Each structure stands twice: as C-alpha cells, then as structure tokens.
Amino acid sequence: MPTFHLINAHDAKQRSLNEDVKIVDIRDDKSFKADHVEGSFHLTNASVAKFMKEVDVNTPIFVICYHGNSSKGVAQYLCDQGYLDVYSIEGGFTDWRIVHPHE
C-alpha cells in the first residue's frame, strides 16, 4: 500500500512552480477564507467527493494544515484512496507563511 512523503514548505513551493501539483488545504473554513495558498483546494468532509472526482490519482498532491500534523493523516487517507504521489507539508501553513510571507 502506498504511503505519503514529507516535504518542507520551500521544496513544496519550488515544485509547485515547476510541476502541475495540487495543494490541498485542510484547515477550517474561517482560516481558509482568511488566507490560503493561491489555487489550493479546500478539502473538507463536504468537498472530498468533488476532489476525488476532479483530481487524477497521478497528480502530485501536497496536503497543508496548520502546523504539519493533521495533514499526515489526510495524506495517508488520500494514498489509501489510490492517489500515488502524496505529500504532507512539514510545518504546515505556519511554515509556508514564514518561507513565503507575501503570497
């Protein structure tokens, strides 16, 4: 069974600039609406079916949460659903904003 990989915020950003990746934000609605990575998909219990219908299993997926903990469980869940190239962003949105403060 495939498992997810860890990736830091800097490397995730670099790959997102050079590859067709999907950033998946699992934070709550209020946090997502206040600030999120441009183009990211807000994955919730209500949107997971839409995500699975729209995103090909071969697409690299980077899961981001607050601090990089909850994203690990969701990343593994996506692997379990058949996604082949899934990453949890270490340090989560907190690190993303440190590395990329003006996006």
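Before reading on, note that the structure itself is shown above.
Bear in mind the structure is a predicted one, so any value in this text is a computation, not a measurement.

Definitions and limits used
- Every chain is numbered on its own, with residues counted from 1 as its sequence reads.
- With pLDDT at 70 or above as the cut-off, local features in this predicted model cover only qualifying residues; side-chain atom pairs require 80 or more to be listed or tallied, and sums for whole chains, interfaces and linings still use all residues.
- Here the side-chain values reflect all heavy atoms present in the structure, with hydrogen atoms and water set aside.
- For the exposure calls, accessible area comes from a 1.4 Å probe over protein chains only, and a residue counts as buried if that area is under 20% of its type's maximum, exposed if over 50%, partly exposed in between.
- Working definition: helices are DSSP H or I runs of at least four residues, strands are E runs of at least two. Numbering for both runs from the N terminus.
- Two strands form a pair only when DSSP identifies at least two bridges running between them.
- Classification remark: right-handed applies to a crossover when, strands pointing away from the viewer, the course from the first strand over the helix to the second runs clockwise.
- Polar contact criterion, stated in full: a pair of N or O atoms within 3.5 Å, where within protein one must be able to donate a hydrogen and the other to accept it, and residues adjacent in sequence count only if both atoms are side-chain atoms.
- Each Phe, Tyr or Trp ring (for Trp, its six-membered ring) is paired with any other whose centre lies within 6.5 Å, and the angle between the two planes then decides the class: stacked below 30 degrees, edge-to-face above 60, tilted in between.
- The criterion is that NZ of a Lys, or CZ of an Arg, lies within 6 Å of the ring centre and within 35 degrees of the ring normal, and then a charge sits over that ring.

This next bit is on the pairing of strand E5 (residues 86–90). Across the five residues of E5, four count as buried, placing the element largely inside the fold. Bridge count between strand E4 (residues 61–64) and E5: three bridges; the pairing is parallel. Its bridge partner being in E5, Val-63 is matched across the sheet by Ser-88. The handedness of the E4 to E5 crossover, carried by helix H4 (residues 70–80), is right-handed.

Let us look at the pairing of E4. Each regular strand shows side chains that alternate between the opposite faces of the sheet. Residues Ile-61 and Val-63 line one face of E4 and the alternating positions Phe-62 and Ile-64 line the opposite face, and both faces are buried. Summarising the sheet, strand E2 (residues 22–25) and E4 pair through four bridges and their orientation is parallel. When the sheet's bridge partners are listed, Lys-22 is paired in E4 with Ile-61.

The next thing to look at is the side chain of Asp-25. On the secondary structure map, Asp-25 appears in strand E2. Within the structure, Asp-25 has its side chain in polar contact with the side chain of Arg-27 (distance 2.8 Å).

Here we take up the packing of aromatic side chains. Considering all chains together, one arrives at three aromatic pairs under this definition. Centroid distance Phe-51 to Tyr-83: 5.7 Å. Interplanar angle 40 degrees. Geometry classified as tilted. A residue pair is termed long-range when its members are at least 10 positions apart, and Phe-51 in helix H3 (residues 48–54) and Tyr-83 in the loop between H4 and E5 qualify at 32 residues. Here Phe-62 and Tyr-87 contribute two aromatic rings whose centre-to-centre distance is 5.1 Å and whose plane-to-plane angle is 80 degrees, an arrangement assigned as edge-to-face. Of the two residues, Phe-62 is situated in strand E4 and Tyr-87 in strand E5; the sequence distance between them amounts to 25 residues. Tyr-87 shares its class with Phe-62; the two are buried. Taken together, the aromatic side chains of Phe-41, Phe-51 and Tyr-83 make up a single cluster linked through ring pairs. A cation sits over an aromatic face here: Arg-27 above Phe-93, 3.9 Å from the ring centre.

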